[in-house]
Structures are given as structure tokens and as C-alpha cells.
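Structural characterization, general
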Amino acid sequence: MKLPMTCFECFHELNTPQYPVWVEYQDSHLYEFECPNGHKSHAILQQQKLEVLFSIGMHAITDGYYREAVASFASSLERFYEFFIKVKLLHEKIDSSAVTKSWKNVAQQSERQLGAFILFYTQTFNEEPLLLSQSNTKFRNAVIHKGLIPTKQEAIDFGQAVLDVINPIAEKMTTKFKDAIIEFTFMHIYSYSGPRSAEWNPSTMNSPSLLNVSSRNPGYVQHTVADGLEHLIKMKGFGAIR
Ligand SMILES: [Zn+2]
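As a starting point, this report considers the structure included with it. None of the values given here were measured: they were computed from a predicted structure.

With respect to the coordination of the zinc ion
With distances of 2.2 to 2.3 Å, the protein atoms coordinating the zinc ion are Cys7 (SG), Cys10 (SG), Cys35 (SG) and His39 (ND1). In this structure, the zinc ion is coordinated by 4 donor atoms arranged in tetrahedral fashion, with angles at the metal of 101 to 116 degrees. Counting gaps between the donor residues of the zinc ion yields the pattern C-x2-C-x24-C-x3-H. Under the relative-accessibility criterion, Cys35 is labelled buried at 4%. Exposure remark for His39: the relative accessible area of 12% places this residue in the buried category.

Structural notes on the nonpolar core
In terms of nonpolar packing, the biggest core is built from 48 residues, with Phe54, Phe80 and Met173 touching the most fellow members. Put simply, the parts of the chain that give this core at least two residues each are α2 (49-63), α3 (66-91), α4 (96-103), α5 (110-125), α6 (134-146), α7 (152-176), α8 (178-193) and α9 (225-237). It is α3 that provides the largest number of residues to this core, a total of 13 residues. What Phe80 contacts, discounting residues up to four positions off in sequence, is Leu50, Ile166, Ile169, Ala170, Met173 and Val213.

Re the side chain of Lys236
If you trace the backbone, Lys236 turns up in helix α9. For Lys236, a relative accessible area of 18% gives the class buried. At 3.0 Å, the side chain of Lys236 forms a polar contact with the side chain of Asp63.

Some details on the sheet that holds strand β5 (residues 203-205)
Read from one edge to the other, the open sheet built from 3 strands follows the order β3-β4-β5, with strand pairing classed as mixed. Both edges of this open sheet fall to β3 (30-34) and β5, since each of them pairs with a single strand only. The average undirected angle you get between the axes of adjacent strands in this sheet is 40 degrees.

Focus: the pairing of β3
On β3, burial follows the alternation: Tyr31 and Phe33 on one face are buried, whereas Leu30, Glu32 and Glu34 on the facing-out side are not. Where β3 meets strand β4 (residues 40-45), 5 bridges bridge the pair, whose relative direction is antiparallel. Counterpart to Glu34 in the pairing with β4 is Lys40. In sequence, β3 turns back onto β4 through a hairpin of 5 residues, with Gly38 there showing a positive phi of about 85 degrees.

Rules behind the numbers
- Residues numbered from 1 in each chain as written.
- Predicted model: local features only at pLDDT ≥ 70, side-chain atom pairs only at ≥ 80, totals over all residues.
- Heavy atoms only, no water.
- Donors = N, O, S within 2.8 Å, 3.2 Å for Na, K, Ca; no water.
- Tetrahedral: all angles 85-135°; square planar, octahedral: opposite > 155°, others 65-115°.
- Buried < 20%, exposed > 50% of the residue type's maximum accessible area, 1.4 Å probe, protein only.
- Core = buried A, V, L, I, M, F, W, Y, C linked by side-chain atoms within 4.5 Å.
- Helix = DSSP H or I, 4+ residues; strand = E, 2+ residues; numbered from the N terminus.
- Contact = heavy atoms within 4.5 Å.
- Polar contact = N/O pair within 3.5 Å; in protein donor to acceptor, adjacent residues only side chain to side chain.
- Pairing = 2+ DSSP bridges.
- Axes fitted to C-alpha atoms, helices over the stretch in contact; angles between N-to-C directions.

See the structure below:
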């Protein structure tokens, strides 16, 4: 379960796409890696946590860990609600330090976050949001809390159900919160940058996921979990995963 990274030095020297360097996923969004030609790279991953979690779910399916896939997709959806709430508050010009302080009151309880999401969504779009169905919520709880071992197809279907909740909302956000999403992405990258030096001069790495919540352009094509799995399996065929 690794993330494909590109060595920019190889790319510039050889001017052709190189085999990816596979690195372990990091909670910090910071990556240090060395390519087979000995170039050392530092990178900040541009994607939000929810996208990383969704990608981990995809890897888990290809690796045969279906419970872990369901858990990662479920976490991805929860982090999407957080993304919506924080982008919405940025759009409303709420001071980021106030948001940080308020978030601490809901950070430990996903039900509170879901409640905030439902009401902010309703206020923004004048309609109730589409949520995960009751049967899918029950399935998630059985996997996470009761040790249910899902089949591969059940894990794929659950991932698709999460995608079907996120996609239409992400589309609406692209129009409604365009500037706030760009600003939020910059804040995300900047928060990991720190002072630059010869030893610490990270590049920004973009590793698109099926969600692409922060970089959708007009005419963005949505792909299914099945499409994504086919692509991932092909990617894994490019060079051995070290
Ligand atoms: Zn290199």
C-alpha cells in the first residue's frame, strides 16, 4: 500500500516520464524519498486527507484487505464533511483561528460534524444533502464495530456509495466555493512548508485520486471505483513496488 511519487530531477535530466518511486503513506503529508538514481526528494502532498484515505481504501482492495478498505472509505467520507465545513467557513470569511478553536469542540465526535455538515449544506444550497443510505451506514458499522468480514464486491460497492455521496457535492462546491477551495489548498500546503533552506526545500506533489475535490476543472470526468481499481492495478505494474 504505497503512494507513487515522481523524481523531478530524473524527469528534468532525461525529459521522459519515469517509473514511479513508491513511498509509504504519511499522516503528515510530508514525503522524503530517494529514486533509483540516487536523487533525494522532499515533497508536500497537495491532496487533502480525505483523498489520501480514499486512495488507501483503493490500495486495500487490490491487496485483498476488504475490511480495511471499508474503514478507509468511511473515514474518507467523514473527512469530506470536515472539508466541506471548513471550506464553507472560509468562504464566509470566518477567521481561521476561530474555526480552529470551534472545531476542537466537535473534533472527537463524528455525529456533531455530520450535524454541522447537514445544516451548513442546507443553508448553502437550500435543500437537504444526499447522505449515505441507512443500509450502507449499517454495513459500515457492522464492519467497523462488529467485525463483519466483507467480500471484495461489498467493499467495492461501499466505496462507490461513498463516491456517489461525495461527487455531486464536490461538483457543487467547485462552482460555489471556487476561490475558497483554492485558498484552502494553499493554506494546506503552506501549513506544511515551514522555513525553506538548502536541506528543506520541498516541492508540491500532486497525486490525483478518484475524488479530486480540490482540483476539478470544467468538464471534469467522474470515474467509478471499478475504473480506479483497473488504473491502480496497471500503475502497480510499472516498476516493482519497493
Ligand atoms: Zn531521480
